[in-house]
Amino acid sequence: MDILGLIQSNLLTPIVLFFIFGIIAARIKSDLKIPDAISEFLPIYLLAAIGLHGGIEMRNTGFETMLVPMLVAIGLSLLFTLNHYQILRRLGKFNLFDSYALASTYGAVGAVTFSVGLSFLKNQGVTSEGFLAAVLAVLEPVAFILAIFLTNMAVSKQIKSKKESLGDISDSEIEMGISETKTNLKQVLHESITGKAIVILLGSIIIGYAIGEEGFSSISIVFDELFTGAIVIFLIEMGIIAGQRLDDIKKVGVFLIAFSIIMPTFNGIVGVLVATAIGLSLGGSVMFGLLLASASFIAAPAVLRHAIPQAKPSLYITSALGITFPYNIIVLLPIMFIVSSIVHDEGSIDLFNFISKGLI
Amino acid sequence: MKLYNVKLLTVTCEILAQKNIIDILAKHNISGYTTYEVEGNGARGLRGQGLKNEKNVKVEVIMQEEKLQDVIEEIARTLFTNFAVVLYVSDVGVLRTEKFV
């Protein structure tokens, strides 16, 4: 099993090379920049393409096959979020707000990472289950909702105990505080479910399901052939932003740097193994692992800045975008692919072919 | 023409605090405001680059002096600790004072 070989050949794909190029461009202080409108458009495009593909494949496979993986993914995402919190709070000594914000950032999913994963699998000639697009949509808000709920609970508990220790307990005030957090949660729920990422993803899944293969053929030139190229352009921008933040990485501290590498690895490999156990294909298991390994850096700030404003965005954006994202697409994807190949017990031949092809 | 004295409140803040500001204004029955995206440097570093959610925005509101104190008190109390915010007030003259109640 040559993990290094696969990582090496993954490094030489256009996606990774352009990402690294973007980092370099930012480091040499070039004024290179993808226009705002395009970098806002591309995530929408990527999600639409993912959704359409998912919808078309779900038409072939039906909904029943999706149920178990969906529930398992939600369960794991919640479990991992709680696990992250304990690690960050107890071992990392982060404050309550930063711990919950980081825990949910790493419990949530990254749509860009997901796109890169799909393109990686395409490169390897492996397919994955279409319903994973629906899992992506459902997982998007789950970790945030849990973290926000728990933060609100912890805060209202603190307020209560402070009031009690002060001796003057005015119930109405406490109730007011609690009802305030409740509306807050409701608002966040509404905002994250009607957020553009989920809306475009679910919309495209439904449309993909409705139009099927034959309907898709008329738009496949945009949503199929251009897909990897669009990721490449987007990753120039991601590279530039990550490059601008490289200096901040020193500020997040050794613990968080280690956390943002070790946790995704652990989550991802557990994800691959669990997915294999519940019967997902080789590629599907890699994508399932990637869903759990990825951290959110586009949706996270928008949700968390409102729901947990006390948490420092510099921590969760920098670690998710500056460390975890590059690590995931460069190193962890090949690792998960190999793990998935081993447990699916058919990879050695494919892999050998791939590597020998890569060497020639 | 006669100019009436009113106050112009200018708030420069991160784009994700914009909604909070506008909610506060609405709470004080102020529905009119102008916003625009800006870039700049400050206590929290160079802002306005990169991710859309990290942009800066400038909110301008014209209001009567009576409301001003309550509005800036609430902005200061709820947003200063957690958000990048700069706030200042200037005197301006308007022709139609009834538009800015």
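Treat the numbers as computed from the prediction; the structure is a model and nothing was measured.

About the thresholds
Residues numbered from 1 in each chain as written. Chains lettered and ligands numbered in written order. Predicted model: local features only at pLDDT ≥ 70, side-chain atom pairs only at ≥ 80, totals over all residues. Helix = DSSP H or I, 4+ residues; strand = E, 2+ residues; numbered from the N terminus. Rg over C-alpha atoms; globule rule 2.2 N^0.38 Å. Buried ≥ 20, exposed ≤ 12 C-beta atoms within 10 Å, placed from the backbone. Contact = placed C-beta atoms within 7 Å. Axes fitted to C-alpha atoms, helices over the stretch in contact; angles between N-to-C directions. Parallel < 35°, antiparallel > 145°, perpendicular 65-115°, else oblique. Left-handed = near helix turned anticlockwise from the far one by under 90°. Nonpolar A, V, L, I, M, F, W, Y, C, P; charged D, E, K, R; others polar. Pairing = 2+ DSSP bridges. Expected span 1.5 Å × (residues − 1). Arc of directions from axis to C-beta. Core = buried A, V, L, I, M, F, W, Y, C linked by C-beta atoms within 7 Å. pLDDT = per-residue confidence, 0-100.

J.: I keep staring at the overall build of chain A and nothing clicks. Help me out?
T.: The helix and strand inventory of chain A stands at 16 helices and zero strands. Whereas a compact globule of 360 residues would reach a radius of gyration of roughly 21 Å, chain A reaches 21 Å, a difference of no more than 12%. Once the C-alpha set of chain A is aligned to its principal axes, its extents read approximately 75 × 45 × 40 Å. Relative to its full complement of 360 residues, chain A shows a buried share of 48%.

J.: Quick question: what am I supposed to make of the overall build of chain B here?
T.: Per the secondary structure count, chain B includes two helices and six strands. Moving toward the C terminus, one meets the helices and strands of chain B in the order β-α-β-β-β-β-α-β. For 101 residues, the compact-globule formula gives about 13 Å, and the C-alpha radius of gyration of chain B, at 14 Å, lands near that figure. Considering only C-alpha atoms, chain B reaches an extent of 45 × 25 × 20 Å along its principal axes. Residues counted as buried form 25% of the 101 residues belonging to chain B. Partitioning the contacts of chain B with sequence separation of at least 6, the portion at a separation of at least 24 is 74%.

J.: For this particular structure, what's the right way to read the packing of helix α13 (residues 282–293) of chain A against helix α15 (residues 313–344) of chain A?
T.: Packed helix pairs are specified by the crossing angle of their axes together with the interaxial distance, meaning the distance between the axes. Residues and elements named next belong to chain A. At a minimum axis separation of 9 Å, α13 and α15 run at an interaxial angle of 140°. As summarised for this structure, α13 and α15 are arranged oblique, according to the angle between their axes. Where α13 crosses over α15, the two elements pack in a sense that is right-handed. Contacts between α13 and α15 involve Leu-282, Ser-285, Val-286, Gly-289, Leu-290 and Ala-293 on the former and, on the latter, Asn-328, Leu-332, Leu-333, Met-336, Phe-337, Ser-340, Ser-341 and His-344. Tallied by class, the residues present in the contact of α13 with α15 amount to eight nonpolar, six polar and no charged.

J.: I keep staring at the packing of helix α5 (residues 96–107) of chain A against α15(A) and nothing clicks. Help me out?
T.: All names here are of chain A. Close contact between α5 and α15 brings their axes to 9 Å; oriented N to C, the two are set at 25°. Between α5 and α15, the angle is such that the two are roughly parallel. You can see that α5 and α15 cross each other, and the crossing is right-handed. Of the residues in α15, those touching α5 at Asp-98, Ala-101, Leu-102 and Thr-105 are Leu-315, Tyr-316 and Ala-320.

J.: For this particular structure, what's the right way to read the pairing of strand β1 (residues 4–14) of chain B?
T.: Consecutive residues of a regular strand have side chains that alternate between opposite faces of the sheet. Residues and elements named next belong to chain B. Pairing geometry for β1 and strand β6 (residues 85–94), over ten bridges, is antiparallel. Of the residues in β6, the one forming a bridge with Leu-9 is Val-89. As paired elements, β1 and strand β5 (residues 56–63) share eight bridges and run antiparallel to each other. Bridging from a neighbouring strand, Thr-12 pairs with Lys-58 of β5.

J.: Help me out: how do you make sense of the interface of chain A and chain B in this one?
T.: Many analyses report the size of an interface as the accessible area lost when the parts associate. If you look at the interface, chain A gives ten residues, while chain B gives eight residues. Secondary-structure elements contributing two or more residues to the side of chain A that touches chain B are α11 (227–244) and α14 (299–307) of chain A. When grouped by side-chain class, the residues that make up the side of chain A that touches chain B number five nonpolar, three polar and two charged.

J.: What should I look at first to understand the pairing of β5(B) in this one?
T.: As paired elements, strand β2 (residues 34–38) of chain B and β5(B) share five bridges and run antiparallel to each other. Residue B:Tyr36 lies in a different strand from β5(B), and its bridge partner there is B:Lys58.

J.: Help me understand helix α2 (residues 65–79) of chain B in this model?
T.: Residue pairs three or four apart in sequence face the same way in an α-helix, which turns once every 3.6 residues. Residue and element names in this part refer to chain B. For α2, which comprises 15 residues, the first-to-last C-alpha distance of 21 Å matches the rise-based estimate of 21 Å (1.5 Å per residue) to within 8%. Those residues of α2 lying buried are Val-71, Ile-75 and Leu-79. Here the buried residues of α2 occupy an arc of 35° about the axis, which is enough to place them on one side. Facing away from the buried side of α2 by more than 90 degrees, the exposed set consists of Glu-66, Gln-69, Asp-70, Glu-73, Ala-76 and Arg-77. Close packing links the buried residues of α2 with β1, α1 (18–27), β5 and β6.

J.: Any chance you could explain the environment of A:Leu52 here in plain terms?
T.: Residue and element names in this part refer to chain A. Looking at where Leu-52 falls in the secondary structure, it is placed in helix α3 (residues 36–61). Judged by the 28 C-beta atoms lying within 10 Å of it, Leu-52 falls in the buried class. Along the backbone, Leu-52 and Leu-91 are 39 residues apart, and their C-alpha atoms lie at a distance of 42 Å. Setting aside chain neighbours within four positions, we find Leu-52 in contact with Ser-204, Ile-207, Gly-208, Phe-216 and Phe-223.

J.: What's the story with the nonpolar core in this structure? I'm lost.
T.: Nonpolar side chains tend toward joint burial in soluble globular proteins. Residues and elements named next belong to chain A. Grouped together as the largest cluster of nonpolar side chains are 124 residues, with contacts concentrated most on Leu-46, Leu-136, Leu-201 and Leu-291. The leading source of residues in this core is α15, at 14 residues. Filtering out sequence-adjacent residues up to four positions away, Leu-201 remains in contact with Leu-47, Ile-50, Gly-51, Ala-133, Leu-136 and Ala-137.

J.: Would you explain the confidence of the model for chain A in this entry?
T.: In regions of low pLDDT, the predicted coordinates are not meant to be interpreted in detail. Mean pLDDT over chain A works out to 87, with 91% of the residues at or above the 70 mark. Counting interchain partners and residues more than four positions distant, the pLDDT-below-50 stretch residues 347–360 of chain A has twelve contacts.

J.: I keep staring at the environment of A:Ile205 and nothing clicks. Help me out?
T.: Residues and elements named next belong to chain A. Locating Ile-205 in the fold gives a position in helix α9 (residues 196–216). Placed 56 residues apart in sequence, Ile-205 and Ile-261 show a C-alpha to C-alpha distance of 32 Å. Excluding residues that lie within four positions of it along the chain, Ile-205 makes contacts with Gly-51, Gly-54, Gly-55, Ala-133 and Ala-134.

J.: How should the confidence of the model for chain B be read in this particular structure?
T.: Residues and elements named next belong to chain B. Residue-level pLDDT values for chain B average 88, and 94% of them are 70 or greater. The weakest mean pLDDT in chain B belongs to strand β4 (residues 45–47) at 67; the strongest belongs to β6 at 94. Per the prediction output, this complex has pTM 0.85; the corresponding ipTM is 0.77.

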